[in-house]
Number of protein chains: 2
Amino acid sequence: MEKQKSFLPTAPYKGTRDFYPDEMRFRNWMFSVMRETVQSFGYQEYDGPILESFELYKAKSGEEIVQRQLYDFIDKGERRVAIRPEMTPTLARMVAGNVRNLAKPIRWFSVPNLWRYEQPGKGRLREHWQLNVDLFGVKSYTAEVEIILIADAILQKFRAPKGSYQIKVSHRKLLDSFLSNTLELKSEKAQAVSKVLDKKSKVSQKEFEGEMSPLLSDPAKQLPLIYSYLDSDLKSISKMPGIDPNAIEFISKLFSDLNGLGIKEQLVFDPSIVRGFDYYTGCIFEVFDTNPENRRSLYGGGRYDNLIGLFSNEQLSGIGFGLGDVTFKNFLEGHGLIPDLNRNDTVFIPILEEGLFQEVIKLADELRISGIKTETMLEPSKIAKQIQTAEKKGCRFVVFLGSDELANRTVQLKDLNTGEQVSVSRLDLSSKLKESLKV
Amino acid sequence: MEKQKSFLPTAPYKGTRDFYPDEMRFRNWMFSVMRETVQSFGYQEYDGPILESFELYKAKSGEEIVQRQLYDFIDKGERRVAIRPEMTPTLARMVAGNVRNLAKPIRWFSVPNLWRYEQPGKGRLREHWQLNVDLFGVKSYTAEVEIILIADAILQKFRAPKGSYQIKVSHRKLLDSFLSNTLELKSEKAQAVSKVLDKKSKVSQKEFEGEMSPLLSDPAKQLPLIYSYLDSDLKSISKMPGIDPNAIEFISKLFSDLNGLGIKEQLVFDPSIVRGFDYYTGCIFEVFDTNPENRRSLYGGGRYDNLIGLFSNEQLSGIGFGLGDVTFKNFLEGHGLIPDLNRNDTVFIPILEEGLFQEVIKLADELRISGIKTETMLEPSKIAKQIQTAEKKGCRFVVFLGSDELANRTVQLKDLNTGEQVSVSRLDLSSKLKESLKV
């Protein structure tokens, strides 16, 4: 028996995706809608290398990312490097590197590919693409107004119905003052409590209390306060003892302005949102899908008061958010917001006779010059087979050029949608196609 | 003395680049011109993960890449992975994974970021972005016709003058038959000789002969043959003993068709081109910059007859090329082909009074809805300072909205190019701006 040849697997690396043309078309469409939105607000695109020094993440990213999720390694020159798990450290490095020359407000966006070593599961991969939008150099709450307007404008641009999402807003100092003043917790305890709060929606009440009680000195008194905090609206929270009044005022002004600008039903004050990152210092927000089958955070962000402190003595306040492609695609699918992207406006030209190859290419060139995408066969074969290829590729129009047509300066134009075939003068072909294809 | 705070460096990882908005605008412009060109030929975009299994490169890439230039490491799950140094292995894997369902000819392109551990130098970085264009499923020379038409069309799209580049074409089997039949070299010797040939243009004649002679059995007889081969045109090479007549015929037909399609002065037969990669099996080509200060290969590619052989028993012939951003930018700069990309068509709205913030945002929203990019200040400050910000950002138009203007339903429109300032009715503003900005 001949030895079996062993083949390499065709699957991509675990937890990652191949973007075949259909998936790529979707990715390009989705991010082009987002790009257009943020560019309409004057944001400019930037990018940085996907490899950064390990030190950058060690200093800036959370412990879980650095210790368990980072793709880090030693390069051939003995430098410890890492594939970026998030864009903010790169952004901070770049802004710090040129901070004096950049006109404020700095408005930047990026669409990086990010990597984390996670156990792959539904909606959780090891890499994703993420829109990052950031605004620097404005301390006023008006920066929050703009960022939340953009977060909303993106959804509007995708024609998301008003009820399909909620923008939940809070302020880091509300929770901080509640934990340290109202509950009178020391800083490490406060951090542990906020981690349990962050998971609350994912566990049962019993589990929640089971984890929370050991962290409290007087659960019987403090647990009711916690529930009361979590259920508060802006009015009732302002009456709780110890809550930071500046944070209350900040949120009030923000809501009043956003309401005046039409962001109303979708805007919710929710003191329970925590956001995992350590660097948020002010307002935080999260956009939630209201689809009962996908009730989860779509994207979120907040204010960080000293983003570039690791790199220089300059002070620069920023606010921004990140939006990943995987969860956002689920949102668009769940609400039926994805248009038909497979409509192919490329015209197809078969080869009827070997000797006509050059003439077919010349015809294709004519069409391309007039702005019509055109692909041709490159070898003759049975007509039926060539039409089948056009159909498989999703082309609507097939243009036949035989010796007779060449002599007459005509072509046969077949519409695969209707099956109709007509003779068209070569001079009229491109305008006729442009009209039908609306290109 | 207080301890000096130590800051992290703001430079990117060695051999890589930060794309600040100016550089990003250039990158986006350059690849959008390329995208448009290849899409006009019906090519569809794909992408794959930047990490692949090490095995893929071990099996497909050249020895130098794998042993000295690969960014490979062990992941947290003990898999050996590598950052892609080239796109072809990913492409082969993806095509093989779906080869039966893909309509032939398969026309694909991609713009991946690729990484190699190299000693950084002029025009040599550790990462670059590369257009990859590939065509599968056509054995005829007509595939070469199309690919070289595209290689040329890209340069035309950038308005490269005819004399600014040359497309040098050869066929792998010409060199192979010359080495094994004409020079009568055994396979390992032939490979070593072809490596020396590949470097010829970079070394002196003396160095060339010094490296070549030890590989030959009879240098006095063989060296003249080598020089004669390298200087041959298609006619004279066809008369050399032992040269593959099929390769000659292939090149003749290819040149005849391309000449008939207008690719003439820029097309050169050059038997000296080798191309480093092991997987080319047929026609090979390279596009050269003729700029005396940048006389080098801009991009190139060729035919590989069994791309997916590592993954399956299916046979699939392909042809393609790759074009990197760093060398291509040098070409565009050298020939003065980069347009002014810094023209900023974003309109700028200062804040004249704190109380007018909401009204400024409403005005900005009106402009955005009518398709005009608009950015606003977010805090009031001296007018002169706000205008300075607009200037620094490169905005041409500044729109002032004060209490009087709000009451009159007008704005003041200032053109920073001319310094002219006029009162404009709010109703006419967007059409006036669109006309001036040509958006």
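Here the residue numbering is sequential within each chain, running from 1 through the sequence in written order. Each chain is given a letter, starting from A, and each ligand a number, starting from 1, according to the order in which they appear as written. With pLDDT at 70 or above as the cut-off, local features in this predicted model cover only qualifying residues; side-chain atom pairs require 80 or more to be listed or tallied, and sums for whole chains, interfaces and linings still use all residues. To get the side-chain values, take all heavy atoms of the structure and skip hydrogens and water.

A.B. asks: Can you help me understand the side chain of A:Asn344 in this one?
C.D. replies: Residues and elements named next belong to chain A. Along the chain, Asn344 falls in the loop between helix H12 (325-334) and strand E13 (347-349). Judged by relative accessible area, which is 14%, Asn344 ranks as buried. Pairs of N or O atoms within 3.5 Å make up the polar contacts considered here, provided that, within protein, one atom can donate a hydrogen while the other can accept it, and that residues adjacent in sequence are counted only when both atoms are side-chain atoms. A distance of 2.7 Å separates a polar side-chain atom of Asn344 from the backbone oxygen of Lys393. Here a helix means four or more residues in a row that DSSP labels H or I, a strand means two or more in a row labelled E, and each is numbered from the N terminus. The buried label goes to any residue with under 20% of its type's maximum accessible area, the exposed label to any with over 50%, and the partly exposed label to all in between, with areas taken from a 1.4 Å probe on protein chains only.

A.B. asks: Is there a simple way to explain the interface of chain B and chain A in this structure?
C.D. replies: Accessible area lost during the coming together of the parts is what is often quoted as the interface size. On the chain A side, the residues contacting the 102 residues of chain B number 102 residues. Reported buried area values correspond to the accessible surface (1.4 Å probe) lost by two parts on association, with both partners' losses combined. Of the roughly 8000 Å² buried between chain B and chain A on both sides combined, carbon and sulfur atoms contribute 60%. Counting the surface chain B buries against chain A, the share from its top three residues, B:Leu8, B:Lys76 and B:Leu378, is 9%. By convention in these notes, a salt bridge is any Lys or Arg side-chain nitrogen within 4 Å of a carboxyl oxygen on Asp or Glu. Linking chain B with chain A are eight salt bridges. With its nearest N and O atoms 3.0 Å apart, the salt bridge here joins B:Arg27 to A:Asp47. The interface formed by chain B and chain A holds 39 residue pairs in polar contact (both at pLDDT 80 or more) in total. The greatest single-element share of the side of chain B that touches chain A, amounting to seven residues, is contributed by helix H1 (residues 21-40) of chain B. Of the residues belonging to the side of chain B that touches chain A, the class tally is 45 nonpolar, 28 polar and 29 charged. Contacts are residue-level and defined by heavy atoms, with any inter-residue pair within 4.5 Å sufficient. Residues are sorted three ways: Asp, Glu, Lys and Arg are charged, Ala, Val, Leu, Ile, Met, Phe, Trp, Tyr, Cys and Pro are nonpolar, and all the rest, Gly among them, are polar.

A.B. asks: How should the packing of helix H1 (residues 21-40) of chain A against H12(A) be read in this particular structure?
C.D. replies: Packed helix pairs are specified by the crossing angle of their axes together with the interaxial distance, meaning the distance between the axes. All names here are of chain A. Only C-alpha atoms enter the line fits that serve as axes; for helices the fit covers just the stretch in contact. Angles between N-to-C directions range over 0 to 180 degrees. Running from amino to carboxyl end, H1 crosses H12 at an angle of 90°, the nearest separation of the two axes being 12 Å. Classified by the interaxial angle, the pair formed by H1 and H12 is roughly perpendicular. Counting all contacts with H1, which are made through Phe26, Trp29, Met30, Phe31 and Met34, the residues of H12 involved are Asp325, Phe328, Lys329 and Leu332. Counted by class, the contact of H1 with H12 contains seven nonpolar, no polar and two charged residues. Any angle that falls under 35 degrees is termed roughly parallel, while one over 145 is termed roughly antiparallel, one within 65 to 115 roughly perpendicular, and all others oblique.

A.B. asks: I'm lost on the UniProt feature "binding site: L-histidine" (unreviewed entry) in chain A in this one. Help?
C.D. replies: All names here are of chain A. UniProt positions are given in the numbering used here, feature names are shortened, and annotations may be inferred rather than shown by experiment. Those residues carrying the UniProt feature "binding site: L-histidine" (unreviewed entry) are Glu86, Met87, Thr88, Arg116, Gln130, Asp134, Arg275, Tyr279 and Tyr280 in this numbering. Structurally, the position occupied by Thr88 is in helix H4 (residues 88-97). Those residues in contact with Thr88, other than ones at most four positions away along the chain, are Tyr279 and Leu307. Structurally, Tyr279 can be placed in the loop between strand E9 (267-269) and strand E10 (283-289). Excluding anything up to four places from it in sequence, Tyr279 contacts Lys60, Glu86, Thr88, Arg303 and Tyr304.

A.B. asks: Can you walk me through the relation of the copies chain B and chain A in this structure?
C.D. replies: To superpose the copies, least squares is applied to the C-alpha atoms of every residue with a pLDDT of at least 70 in both. For the match of chain B to chain A, the screw axis carries a shift of 0.0 Å, the RMSD comes to 0.1 Å, and the turn is 180°. On the angle and the small slide along the axis, the relation comes out as a two-fold axis. In terms of C-alpha distance to the rotation axis, chain B has B:Phe73 as its closest residue, with the C-alpha 3.2 Å off the axis. The residues that chain B uses at the interface reappear at the interface of chain A in 100% of cases, marking a shared surface.

A.B. asks: Hey, could you run me through the packing of helix H6 (residues 172-182) of chain B against helix H9 (residues 219-230) of chain B in this one?
C.D. replies: All names here are of chain B. The geometry of H6 relative to H9 is characterised by a closest axis approach of 12 Å and an angle of 160° between their N-to-C directions. The pairing of H6 with H9 is recorded here as roughly antiparallel in orientation. Relative to H9, H6 is oriented so that their crossing is right-handed. Between H6 and H9, the contacting residues are Leu174, Leu175, Phe178 and Thr182 on the first element and Leu225, Ile226 and Tyr229 on the second. Here the residues of the contact of H6 with H9 are counted per class, giving six nonpolar, one polar and no charged. Note: crossing handedness is left-handed where the near helix turns anticlockwise from the far helix by less than a right angle, and right-handed where it turns clockwise.

A.B. asks: How should the sheet that holds strand E2 (residues 51-53) of chain A be read in this particular structure?
C.D. replies: Consider a sheet: its strands pair through backbone hydrogen bonds, and that pairing is either parallel or antiparallel. All names here are of chain A. For two strands to be treated as a pair, DSSP must find no fewer than two bridges joining them. Strand order in the open sheet made by the three strands is E2-E4-E3, with antiparallel pairing throughout. This sheet does not close on itself; its edge strands, each paired only once, are E2 and strand E3 (71-74). Ignoring which end each strand starts from, the neighbouring axes of this sheet average 35° apart. Two strands pair when backbone bridges link them, and E3 and strand E4 (residues 80-83) are joined in this way by four bridges, in the antiparallel orientation. What sits directly across from Ile74, in E4, is Arg80.

A.B. asks: I'm lost on the pairing of strand E4 (residues 80-83) of chain B in this one. Help?
C.D. replies: The two faces of the sheet receive side chains in turn, since in a regular strand these alternate between them. Residues and elements named next belong to chain B. Sheet analysis places strand E2 (residues 51-53) next to E4, joined by three bridges and oriented antiparallel. Its bridge partner lying in E4, Ser53 is registered against Val81. Linkage of strand E3 (residues 71-74) to E4, two consecutive antiparallel strands, is achieved through a turn of five residues, within which Glu78 is found at a positive phi near 70°.

A.B. asks: Looking at this model, I keep getting lost on the pairing of strand E15 (residues 397-400) of chain A. Mind explaining?
C.D. replies: Residues and elements named next belong to chain A. Here E15 shows two buried faces, one formed by Phe397 and Val399 and the other by Val398 and Phe400. For E15 and strand E16 (residues 410-415), the ladder comprises four bridges, and the chain directions are antiparallel. Paired with Val399 across the bridge in E16 is Leu413.

A.B. asks: When you look at the environment of B:Asn294 in this model, what are you seeing that I'm missing?
C.D. replies: All names here are of chain B. Relative to the assigned elements, Asn294 resides in the loop between strand E10 (283-289) and strand E11 (297-304). For Asn294 and Asn330, which are 36 residues apart along the polypeptide, the C-alpha to C-alpha distance reads 7.6 Å. For Asn294, the residues in contact, after removing those within four places along its chain, are Asp289, Thr327, Asn330 and Phe331.

A.B. asks: Where do I start with H1(A) in this structure?
C.D. replies: Residues that lie three or four places apart on an α-helix share one face, since the helix turns once every 3.6 residues. One fewer than the residue count of a helix, multiplied by 1.5 Å, yields its expected span. Its 20 residues give H1(A) an end-to-end C-alpha distance of 28 Å, which sits within 8% of 28 Å, the value for a rise of 1.5 Å per residue. Turning to H1(A), its buried residues are A:Pro21, A:Met24, A:Phe26, A:Arg27, A:Trp29, A:Met30, A:Phe31, A:Val33, A:Met34, A:Thr37, A:Val38 and A:Ser40.

A.B. asks: I'm lost on the confidence of the model for chain A in this one. Help?
C.D. replies: Should the pLDDT be low somewhere, the predicted coordinates at that spot are not to be read in detail. Per-residue confidence for chain A averages 93 on the pLDDT scale, and 98% of its residues sit at or above 70. The ipTM, which scores confidence in the relative placement of chains, is 0.94 for this predicted complex, and the corresponding pTM is 0.95. Per residue, pLDDT measures the predictor's confidence, with a range of 0 to 100.

A.B. asks: Explain the pattern of salt bridges here, please?
C.D. replies: Once the charged atoms of two side chains with opposite charge are near each other, the side chains can pair. Residues and elements named next belong to chain A. In total, this model carries 49 salt bridges over all chains according to the counting rule given. A salt bridge links Glu366 to Arg426; the shortest N-O distance between them is 2.8 Å. A residue pair is termed long-range when its members are at least 10 positions apart, and Glu366 in helix H13 (residues 357-369) and Arg426 in helix H16 (residues 426-437) qualify at 60 residues. Residue Glu366 is classed as partly exposed on the basis of its relative accessible area of 33%. By relative accessible area, which is 7% here, Arg426 ends up buried.

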